[in-house]
Amino acid sequence: MTKFQKILADSARQAGFELTDLQLQQFDKYYEMLVETNKVMNLTALTEPQDVAVKHIVDSLMAYADYFPGKVLADVGTGAGFPGIPLKIYCPALKVVLIDSLAKRLNFLQRVIGELGLTDIECVHLRAEDAGKNAAHREKYDIVTARAVARLSVLSEYCLPLVKVGGMFVALKGAKYKEEIAAAGKALSVLGGKLVKAQQVELPGLDDGRAVVTIKKVKASPKAYPRKAGLPEKNPLE
């Protein structure tokens, strides 16, 4: 077992996730590729084994819920593949679509998918605002995830139009999650979302007030949303 696999296995176990040998090998390869590619492309500021294991991978797994197997999940603004790829490795029965606006990042993720032998996972090169207007993606997903993309009022406009009515939007948020939820009330109501729960989570060895915010899509999002690129950020629904 490599040093990284050992750190990850221990950290995941502390957080309640038991990883198989195959999963540990896949995560190890992903870590290697991440660090190697990061030398020529800015994917992450974190490259130490402990940081990647806990702050990227275990953090991503915190989004997991018992209803995920068999569902179709879109990961918006996936970046270096978090949380989409860890969730796929942990739950092979989940179908995953990784959405990002930068082709270079998606080329990296495509290589990861190939090297890890992952199936039922694809990359889509679109801005979140454009994905939400695209008939192939609008209101097509059981679950939409996002991590560290934007504050919740803005993120809801990117993500809720992609969620099927009855589906879930799961946002991984930092210490200011309560303020973000309070400011997102109007956005949720306009876009057809209803807050189900905000669960504070602790990563092994850290106490930085992270939370998993789960929002249910209770009615269709109005056709006007998401607005054109730049507008949600500049003029949020608050």
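Computed from a predicted structure; not experimentally measured.

**Topic: the layout of surface pockets**
- Taken as a whole, the largest pocket holds about 570 Å³ of empty space.
- Contributions of two or more residues to the lining of the largest pocket are made by α3 (49-61), β2 (95-100), α6 (128-131), β5 (163-173) and β7 (210-217).
- In terms of residue class, the lining of the largest pocket is made up of 14 nonpolar, eight polar and nine charged.
- Roughly 260 Å³ of volume is contained in the second largest pocket.

**Some points on the sheet that holds β5**
- Read from one edge of the open sheet, seven strands run β3-β2-β1-β4-β5-β7-β6, paired in mixed fashion. For this open sheet the edge positions go to β3 (121-125) and β6 (193-201), each flanked by a neighbour on one side alone. Strand-to-strand twist in this sheet, taken as the mean axis angle between neighbours without regard to direction, amounts to 20°.
- Sheet topology note: the β2/β3 ladder contains five bridges and is parallel. Paired with V97 across the bridge in β3 is E122.
- Across the sheet, α3 touches β4 (141-147), β5 and β7, and the angle it forms with β4 is around 155°.
- Helix α7 (residues 152-159) contacts β1 (72-76), β4, β5 and β7 of the sheet and is inclined by roughly 145° relative to β5.

**Examining the pairing of β4**
- Counting buried positions over the seven residues of β4 gives seven, a clear majority of the element.
- Of the strand pairs in this sheet, β1 and β4 are connected by three bridges, and their pairing is parallel. Bridge assignment links A74 to a residue of β4, and that residue is V144.
- Summarising the sheet, β4 and β5 pair through six bridges and their orientation is parallel. Pairing of I143 across the sheet is with M168, part of β5.

**Here's the deal with the side chain of R227**
- As for its position among the elements, R227 is in the loop between β7 and α10 (231-234).
- On the accessibility criterion, R227 (17% relative accessible area) is buried.
- At 2.8 Å, the side chain of R227 and the side chain of E157 are in polar contact.
- A distance of 2.8 Å separates a polar atom in the side chain of R227 from the backbone oxygen of N235.
- If we skip the residues at most four places from it in the chain, R227 touches E129, E157, P232, N235, P236 and L237.

Analysis parameters
- Residues numbered from 1 in each chain as written.
- Predicted model: local features only at pLDDT ≥ 70, side-chain atom pairs only at ≥ 80, totals over all residues.
- Heavy atoms only, no water.
- 1 Å grid on protein atoms, 1.4 Å probe; cavity = no way out; pocket = protein on both sides within 12 Å on 5 of 7 lines; lining within 4 Å.
- Points joined across faces, edges and corners; volume = space filled by probe spheres on them.
- Helix = DSSP H or I, 4+ residues; strand = E, 2+ residues; numbered from the N terminus.
- Nonpolar A, V, L, I, M, F, W, Y, C, P; charged D, E, K, R; others polar.
- Pairing = 2+ DSSP bridges.
- Axes fitted to C-alpha atoms, helices over the stretch in contact; angles between N-to-C directions.
- Contact = heavy atoms within 4.5 Å.
- Buried < 20%, exposed > 50% of the residue type's maximum accessible area, 1.4 Å probe, protein only.
- Polar contact = N/O pair within 3.5 Å; in protein donor to acceptor, adjacent residues only side chain to side chain.

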